[in-house]
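Observations on chain architecture
Chain residues, written in single-letter form:
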Number of protein chains: 2
Amino acid sequence: MTTVTPLNPPRRTLLGPGPSDVPASVSRAMSAPTLGHLDPAFLAIMDEIRAMLRAVLLTDNEWTMPMSGTGSAGMETCMVNLIEPGDDVLIGSHGVFGGRMAEVARRCGANVVVAEGPWGRALDPELLRAAAGGKSFKLVAIVHAETSTGVLQDLAPFRAIADECDALLLADMVTSVAGHRVALDEWGVDAMYSGTQKCLSCPPGLAPVSFSPRAVEVFTKRKTPVQSWYLDLNLLGGYWGEQRAYHHTAPINMLYGLHEALRLVLEEGLEARWARHARHAAMLVEGLAELDLEPIVPADERLTPLTAVRIPDGIDDAAVRRHLLQHFDVEIGGGLGPMKGQAWRIGLMGEGSSERNVALCLAGLKSALAEQRGA
Amino acid sequence: MTTVTPLNPPRRTLLGPGPSDVPASVSRAMSAPTLGHLDPAFLAIMDEIRAMLRAVLLTDNEWTMPMSGTGSAGMETCMVNLIEPGDDVLIGSHGVFGGRMAEVARRCGANVVVAEGPWGRALDPELLRAAAGGKSFKLVAIVHAETSTGVLQDLAPFRAIADECDALLLADMVTSVAGHRVALDEWGVDAMYSGTQKCLSCPPGLAPVSFSPRAVEVFTKRKTPVQSWYLDLNLLGGYWGEQRAYHHTAPINMLYGLHEALRLVLEEGLEARWARHARHAAMLVEGLAELDLEPIVPADERLTPLTAVRIPDGIDDAAVRRHLLQHFDVEIGGGLGPMKGQAWRIGLMGEGSSERNVALCLAGLKSALAEQRGA
């Protein structure tokens, strides 16, 4: 084959729905010397990662750790470990990731009932309650932070519904962890998954998960084997727990990155970090108004790390995003599913949530819209 | 929680069964700026990775790409995509990874027939032929490079058996790729998986896989959905193929590392790299003899990247490995399964296959044995 030259990726400012920009110290951590996955020095790093994850998630859950895959592997981990064939599962869906949860649950052999709500709005809990129809379920699943629409969901009513259904509560927290307040124990979340490439500002590649003692009881007492060997928590517990038994070779250098990313989150402080995300989201929305652009999601249902913006009539979605990338080295996201061509998704996540980036994004949009409107 | 200090992992020399030492330029590549997973600059990098993987595997297989997980996720990818519930699968097992393949295939609902051979020896093809009993199978699976024992398996007789059974041939090549000759098309391998942390000398976190057109036909014409959404090749093809549709967020920086690692392999040249692994393995075995240590595997069945060494009577396995780690910063591996306490596994893989490392390992072993024998 022809000779390939060493890669030299351009430095973008990542203001899409993730990945987000990575702090220099996280990049440096990832390039530290690789250790063996059973090296005592690495086992100590694993313990610190778990302790820091618990602190960030406000939980005492013993079973809190990163899975060796991206966020979707975290979703699959929750489903394959908690569901056995024939189980009844109730899912609230108001975006891509609710729909994906339903699909993954079906592939686990679950009988899935889906309550569909409109995209771009929080899901009305009464829709889910009506879909439940007074029956029992093994699992109720809802997206806390819908990355496809920028909607934040209050989990309290869903915990109540899960109680009515005698069910575990599972939440997708991919875009909320370390950007919004997340309090697993206080909220009674039994299982959750996230990703590293959003408000944690670490490259993609790991999926933090956490399980309440009640959820742990469910997967440790299964009657059937977990369909995924790779994601089987009963096997993985042997490695992340005291036994330190080999299961698979952990992604060592990715875990270095997560260690540093979590350290930065705790150094900043959770309250300060959530406030920073809120402050810059508000600043962005204010600036968008000056460009006659409006957010899709009502203010009290809106994520702060991710803002969905309505694309005005007559504006070419792809051309605007290309302009931002080519002239400003700024990436923003397009819409997914029914929002394709209808919405931009602007992420101000983790390291990326800054006044500088708000200004840069607005300047880029202004220039792109001027080009379009002038044309 | 108490304050966590930034990590500062010691620099080991990794001479176990993987991970192996990572070249400086691979570490640098991994710390390059993160791009979005749909950025045109990243899509170009993906294409180069696929082209280089094909060159390293000596294949024209269109479906050649890294999965977003470690080697075991590669194994699971092959199984969940090729197997449908009720399929008959024939597996040769002579170590941990043959046994793992059988377990993963069972979790896919396959009827699994296992031909067990003794650990530390190549598997006698007649054992597999006898187990087949003249019946048809969907899949015949065998480990090309058994990481648990250091055995290399000639695949030609297994291709013949697969033909007799009207089956696809799947091979575990985790420890052979880029260390031993691997020639997928010439050998008629229909499906394979590997890991990045062995002879490719990239940190763990990705699993290269490749599928022949015949294997692709099997998973594109399935009657049932793939049980893993995360590893579903029919969905992933939309991202790695021309459509560039979002499936999951690829582990961008890990892929940077793989890009550079593959580039280094091709820069060195495949023939030269295989010869280097053979040369240093021979040098190691010669030096071991001077310490009265002998390899477990007969010379003509032995992997060159990984040598299993019999632990002499009266020698404390763990104490020797601890001595190497503490006094020489050298990691070697212990035995797995029935070989626990019976064998050390010494890896000279990728970057780690050097005269310097042979000398260092032998010096460390000599010192550790002297301590034990003097005690």
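Residues numbered from 1 in each chain as written. Chains lettered and ligands numbered in written order. Predicted model: local features only at pLDDT ≥ 70, side-chain atom pairs only at ≥ 80, totals over all residues. Heavy atoms only, no water.

Right, let's get into the relation of the copies chain A and chain B. Least-squares fitting of chain A to chain B yields an RMSD of 0.0 Å, with the transformation described by 0.0 Å of translation along the axis and a rotation of 180°. In symmetry terms, the pair is related by a two-fold rotation axis. Judged by C-alpha distance, Gly69 of chain A is the residue of chain A that lies nearest the rotation axis, at 2.6 Å. Interface residue correspondence from chain A to chain B reaches 100%, placing this contact among same-surface, isologous pairings. (Least-squares fit on C-alpha atoms with pLDDT ≥ 70 in both. Contact = heavy atoms within 4.5 Å.)

Throughout the structure, instances matching the rule amount to 46 salt bridges over all chains. For Glu164 of chain B, the salt bridge is made with Arg129 of chain B, and the minimal N-O distance between the two is 2.7 Å. Linking Glu164 of chain B in helix H6 (residues 156-164) with Arg129 of chain B in helix H5 (residues 125-132), this pair joins segments that are 35 residues apart in sequence. Here the residues in one salt-bridge network are Glu103, Arg106 and Arg107 of chain A together with Asp232 of chain B, joined through shared partners. (Salt bridge = Lys/Arg side-chain N within 4 Å of Asp/Glu carboxyl O. Helix = DSSP H or I, 4+ residues; strand = E, 2+ residues; numbered from the N terminus.)

This next bit is on the environment of Val96 of chain A. Residue and element names in this part refer to chain A. With respect to the helices and strands, the residue Val96 is situated in helix H4 (residues 96-107). Under the relative-accessibility criterion, Val96 is labelled buried at 19%. Counting along the chain gives 97 residues from Val96 to Tyr193, while the straight-line C-alpha distance between them is 16 Å. (Buried < 20%, exposed > 50% of the residue type's maximum accessible area, 1.4 Å probe, protein only.)

Examined against the element boundaries, Ser72 of chain A turns out to sit in helix H3 (residues 71-82). For Ser72 of chain A, a relative accessible area of 9% puts it in the buried group. Setting aside residues up to four positions removed in sequence, Ser72 of chain A forms contacts with Arg100 of chain A together with Trp229, Tyr230 and His248 of chain B.

The next thing to look at is the nonpolar core. By size, the foremost hydrophobic cluster in this structure holds 204 residues, and its most contacted members are Phe42, Met79 and Phe211 of chain A together with Phe42, Met79 and Phe211 of chain B. Residues in contact with Met79 of chain B, not counting those within four places in the same chain, are Ile91, Met101, Val104, Ala105, Cys108, Leu139 and Leu170 of chain B. (Core = buried A, V, L, I, M, F, W, Y, C linked by side-chain atoms within 4.5 Å.)

Pairing between the strands of a sheet comes from backbone hydrogen bonds, and it takes one of two forms, parallel or antiparallel. All names here are of chain A. Sheet architecture is open: three strands sit in the order S11-S14-S13, paired in antiparallel fashion. Looking along the sheet, the strands with just one partner apiece sit at the ends: strand S11 (306-310) and strand S13 (333-334). When S13 meets strand S14 (residues 343-347), the two strands line up antiparallel, connected through two bridges. What sits directly across from Gly334, in S14, is Trp344. (Pairing = 2+ DSSP bridges.)

Residues and elements named next belong to chain B. Of all the five residues making up strand S10 (residues 207-211), five are buried; the element is thus mostly covered by neighbouring parts of the structure. What you see with S10 is no split at all: Ala207, Val209 and Phe211 on one side and Pro208 and Ser210 on the other are buried throughout. Note: strand S9 (residues 191-193) against S10, three bridges, orientation antiparallel. In the sheet register, Ala191 faces S10, and the bridge partner there is Phe211.

What follows covers the confidence of the model for chain A. Mean pLDDT over chain A stands at 97; residues scoring 70 or higher make up 100%. Our summary of model confidence lists the complex with pTM equal to 0.97 and ipTM equal to 0.97. (pLDDT = per-residue confidence, 0-100.)

Residue and element names in this part refer to chain A. Under the criterion given, the structure shown has eight aromatic pairs over all chains. Measuring from ring centre to ring centre gives 6.1 Å for Tyr239 and Trp240, while their planes differ by 75°; the resulting arrangement is edge-to-face. Of the two residues examined, Tyr239 and Trp240, each falls in the buried class. (Phe/Tyr/Trp six-rings, centres within 6.5 Å; stacked < 30°, edge-to-face > 60°.)

We now examine helix H5 (residues 125-132) of chain A. Since the α-helix turns once every 3.6 residues, residues separated by three or four places project in the same direction. All names here are of chain A. Every buried residue of H5 is accounted for by Pro125, Leu128 and Ala132. In a view along the axis of H5, the buried residues occupy a sector of 60°, so they form one face of it. Among the structural elements, strand S3 (88-93), strand S4 (111-116), strand S5 (139-143) and helix H6 (156-164) are those in contact with the buried residues of H5. For H5, the N-terminal capping position is held by Asp124, with its side-chain oxygen 2.9 Å away from the main-chain nitrogen of Glu126. (Arc of directions from axis to C-beta. Polar contact = N/O pair within 3.5 Å; in protein donor to acceptor, adjacent residues only side chain to side chain.)

For the rest of this paragraph, the subject is the side chain of His94 of chain B. Residues and elements named next belong to chain B. Tracing the backbone through its elements, the reader meets His94 in the loop between strand S3 (88-93) and helix H4 (96-107). Here His94 falls in the buried class, since its relative accessible area comes to 0%. Polar side-chain contacts of His94 include one of 3.0 Å to the side chain of Gln153.

Here we come to the interface of chain A and chain B. Each side of the interface is counted separately: chain A has 71 residues, and chain B has 71 residues. Buried surface at the junction of chain A and chain B, both sides included, amounts to about 5700 Å², of which 66% is carbon and sulfur. For the chain A face of the interface with chain B, the top three residues by lost area are Leu7, Arg107 and Trp229 of chain A, together amounting to 13%. The interface formed by chain A and chain B contains four salt bridges. (Buried area = accessible area lost by both parts, 1.4 Å probe.)

Turning our attention to the domain arrangement of chain A. All names here are of chain A. According to the domain assignment, chain A consists of domain 1 (13-17 + 270-374) and domain 2 (24-266). The C-alpha-based centres of domain 1 and domain 2 are spaced at 27 Å. Domain 1 puts 24 residues into the contact, and the matching count from domain 2 is 27 residues. Summing both sides of the interface, domain 1 and domain 2 together bury roughly 2200 Å²; the carbon and sulfur share of this comes to 63%. Taken together, the links from domain 1 to domain 2 amount to one salt bridge. Between Glu301 and Arg121 there is a salt bridge, with the nearest N and O atoms lying 2.8 Å from each other. Connecting domain 1 to domain 2 are eleven residue pairs in polar contact (both at pLDDT 80 or more). Broken down by secondary-structure element, the contributors of at least two residues to the side of domain 1 that touches domain 2 are helix H11 (270-290) and S11. By residue number, the principal contributor to the side of domain 1 that touches domain 2 is H11, which donates four residues. Residues that form the side of domain 1 that touches domain 2 fall into these classes: 14 nonpolar, five polar and five charged. (Domains from an automatic or database assignment. Nonpolar A, V, L, I, M, F, W, Y, C, P; charged D, E, K, R; others polar.)

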